[in-house]
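Spelled out from the first residue to the last, the chains are:
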Amino acid sequence: MANKKEVGAPASPKGKSASATTKASHSGQGMFDAVLSRLDMAFSKLNPSYNFQQIIKNPQKQVVVSLPVMMDNGKIEVFQGYRIIHSTALGPSKGGIRYAMDVDMDEVKALSAWMTFKCAIANIPYGGAKGGIQCDPKKLSLGELERLTRAYTAAMSDVFGVDKDIPAPDMGTSKREMAWIVDTYSKIHGIDAPGVVTGKPLTLGGSKGREAATGRGVMISCLEAMKKIGMNHKTATCAVQGFGNVGSSAARLLNAKGIKILAIGDHTANFYNAKGIDIEAALKYVKENGGVLKGFHGGESITGEQLLLADVDVLVPAAVQNVITAHIAENMKAKLVVEGANGPTVAEADPILFERKITVVPDILANGGGVTVSYFEWVQNKYGHYWSEDEVNSKHDANMANAFEKVWYNSQKFKTNLRTGAYVTALEKLEKAVEYRGNF
Ligand code: GLU
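All of the points below concern the structure found in this document.

Thresholds, definitions, all that
Residues numbered from 1 in each chain as written. Predicted model: local features only at pLDDT ≥ 70, side-chain atom pairs only at ≥ 80, totals over all residues. Heavy atoms only, no water. Helix = DSSP H or I, 4+ residues; strand = E, 2+ residues; numbered from the N terminus. Rg over C-alpha atoms; globule rule 2.2 N^0.38 Å. Buried < 20%, exposed > 50% of the residue type's maximum accessible area, 1.4 Å probe, protein only. Contact = heavy atoms within 4.5 Å. Areas by Shrake-Rupley, 256 points an atom, 1.4 Å probe, with all protein chains shown as cover. Lys, Arg positive; Asp, Glu negative; His and termini not counted. Charge placed at Lys NZ, Arg CZ, Asp CG, Glu CD. Expected span 1.5 Å × (residues − 1). Patch = residues over 30% accessible without salt bridge, like charges linked within 9 Å, V, L, I, M, F, W, Y side chains within 5 Å. Salt bridge = Lys/Arg side-chain N within 4 Å of Asp/Glu carboxyl O. 1 Å grid on protein atoms, 1.4 Å probe; cavity = no way out; pocket = protein on both sides within 12 Å on 5 of 7 lines; lining within 4 Å. Points joined across faces, edges and corners; volume = space filled by probe spheres on them. Nonpolar A, V, L, I, M, F, W, Y, C, P; charged D, E, K, R; others polar. Near = heavy atom within 4 Å. Polar contact = N/O pair within 3.5 Å; in protein donor to acceptor, adjacent residues only side chain to side chain.

**Details of the overall build of the chain**
So, step 1. Helix and strand content of the chain: 15 helices and 14 strands.
So, step 2. Relative to the 2.2 N^0.38 estimate, which gives 22 Å for 440 residues, the radius of gyration of the chain is 21 Å and therefore close to what a compact globule would have.
So, step 3. Projecting the C-alpha coordinates of the chain onto the three principal axes gives extents of approximately 55 × 55 × 45 Å.
So, step 4. Here the chain holds 440 residues, and 60% of them are scored as buried.
So, step 5. Pairs at least 24 apart in sequence give 70% of the contacts found in the chain among residues at least 6 apart.
So, step 6. Taken as a whole, the chain presents about 18,100 Å² of accessible surface, with 52% of it coming from carbon and sulfur.
So, step 7. Across the chain, the 51 positively charged side chains and the 44 negatively charged ones have centroids separated by 2 Å.

**Quick notes on helix α7 (residues 245-256)**
So, step 1. Here α7 is twelve residues long and its end C-alpha atoms lie 17 Å apart, about the 16 Å a rise of 1.5 Å per residue gives.
So, step 2. The elements touched by buried residues of α7 are α6 (213-229), β8 (237-241), β9 (260-265), α8 (279-288) and β12 (314-317).
So, step 3. Two residues or fewer after α7 comes Gly258, characterised by a positive phi angle close to 100°.

**Concerning a nonpolar patch on the surface**
So, step 1. Residues Met70, Ile76 and Val78 make up a contiguous nonpolar surface patch of roughly 280 Å² in combined accessible area.
So, step 2. Of note, Val78 is situated in strand β3 (residues 76-87).

**Here's the deal with empty space enclosed by the protein**
So, step 1. Throughout the structure, instances matching the rule amount to one cavity of 30 Å³ or more.
So, step 2. Approximately 60 Å³ is the volume found for the largest cavity.
So, step 3. Every residue lining the largest cavity is counted, twelve residues in all, and those nearest its centre are Ala34, Arg38, Asn322, Thr345 and Val346.
So, step 4. The greatest single-element share of the lining of the largest cavity, amounting to three residues, is contributed by helix α1 (residues 31-46).
So, step 5. Of the residues assigned to the lining of the largest cavity, the class counts are five nonpolar, six polar and one charged.

**A word on the site of the ligand**
So, step 1. Around the ligand lies a shell of 14 residues, among which Lys94, Lys118, Pro169, Asp170 and Ser374 are the nearest.
So, step 2. Here an oxygen atom of the ligand and a side-chain polar atom of Lys118 are 2.7 Å apart.
So, step 3. Lys130 is positioned with one of its side-chain polar atoms (N or O) 2.9 Å from an oxygen atom of the ligand.
So, step 4. Isolated, the ligand exposes 300 Å² of accessible area, and the fraction of that covered by the protein chains is 95%.
So, step 5. Counting only elements with at least two residues in the shell around the ligand, the list comes to α3 (105-122) and α13 (369-383).

Quick look at the structure:
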């Protein structure tokens, strides 16, 4: 059995203080602090009630579990697992599960809040949550990964629920882990509950279009932004950082719209090709070479920083958080940034980018395509009736375009950047919901 700690107030693992476990951006700011900075900016525009500000700044529930897992060498190793429910004001909480070494309370807290805002902007009836396990999934065998995932699900079996809290894939997890979660949860509760998790394999009730959905949302929000700022997608060039699920789908879909991808990269290698990278060749290479770009020959090798500063029209950061620092913001050549990753831009880079008239489509808008199709998957599970890929994609595209329009409208109305426009869009809706619900 896993040890569980469930608290209403901020918790920290292994008795460390919250600050000791906080990962800082280059400016020394923790990830949840970065959320609070952005909230303060939006509060200054919107002026919401004091009561609402207090509520939205504090996650509703934070769960930490110790997960003893039998390793292949016959020894038990104990992993830390987290699930943070930031808000259920707009519906059951929704958000992915991340497997990475840097997963901690601060990171999961920030990611859970972003899910609340993302779902509100996408106008889907969910609150926000996030989960994670501190581990290096690449160092675990298939059996160890399965035992770890099942231990986490068992420990969270009273947290998750079809109408309560619905996980999905995030960094380091995929449909394979979602299949283990739905199986473990269904067996513990003795019911068939496909809707308890989204991003499942199609045969277990997954949705067509879900795997490429986050990248598709990046593509739609990029095209919408281009229309607004007068950039022609038939002649535009782009650099994509990250070539996992989000980055590779975004690169493929943007390329299919005529945008030339001059640079791609992942944590193993970065490449530049002035004639345009052959994305199909890169996808094939990654598939045949352990999921990474290292060794690809479709361009000259460059550094990660050179990719971020490449002479392109559009930059899509679709890897990890805190990569667009003040230094990158000061030197960036791109005129449009579309955030496929969660939290790729540090808070102090925002005013620099705004000053330099670089349009940034923020994560809580740009990468909302994934959770939008997660919602469609959940609806299909509830009805037991499944949609065609075209149906999913056209509903998704219309939803993303609507969300973009609302955020654009608010950024104009409040004379601010799209990020604050996005926060304002989410907060307006959340404040009403919190007010109607009242306090209990
Ligand atoms: N992990 C994804 C995100 O950050 C998807 C979440 C979901 O589908 O619930 O948006």
